[in-house]
Amino acid sequence: IEPGKRCHLLPGTDDRRGTVRFVGAIPQIPGLGPWVGIALDEPSGKNDGSVKGERYFECAPNCGVFVRPERVEVGDFPALDDLGEEMEEI
């Protein structure tokens, strides 16, 4: 897992996708080990890439989320097209 990679969140019931923007420790969040900061494609996150005033990456409001590495799968995950083919007929 490294910044710039596309990803989706696990478990499979969580269909959020985005781009990894940060990997590392966040002293403001309790717990051991690294966190993965993700800029989500949709505003379904909890932050804007900052935690308690400390910025770790840039993204739109509610498009950022920090999760443990085991909740991230990196791969070829393009942004979901919620409108699908319906928009082609308007």
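To be clear, the structure that these remarks concern was listed above.
Residues numbered from 1 in each chain as written. Predicted model: local features only at pLDDT ≥ 70, side-chain atom pairs only at ≥ 80, totals over all residues. Heavy atoms only, no water.

(A) Just a nonpolar patch on the surface, in detail. On the surface, a nonpolar cluster with roughly 210 Å² of combined accessible area is contributed by I1, V23 and V74. As for its placement among the helices and strands, V23 is situated in strand β2 (residues 17–24). (Patch = residues over 30% accessible without salt bridge, like charges linked within 9 Å, V, L, I, M, F, W, Y side chains within 5 Å. Areas by Shrake-Rupley, 256 points an atom, 1.4 Å probe, with all protein chains shown as cover. Salt bridge = Lys/Arg side-chain N within 4 Å of Asp/Glu carboxyl O. Helix = DSSP H or I, 4+ residues; strand = E, 2+ residues; numbered from the N terminus.)

(B) Structural context of the sheet that holds strand β1 (residues 6–9). The sheet built from five strands is open, its strands ordered β6-β3-β2-β1-β7 with antiparallel pairing. Taken across any chain shown, the strands that pair with only one partner, and hence form the sheet edges, are β6 (64–67) and β7 (72–74). Going from strand to strand, the sheet's axes swing by 45° on average, the running direction of each strand aside. (Pairing = 2+ DSSP bridges. Axes fitted to C-alpha atoms, helices over the stretch in contact; angles between N-to-C directions.)

The values reported here are purely geometric and, on their own, carry no functional implication.
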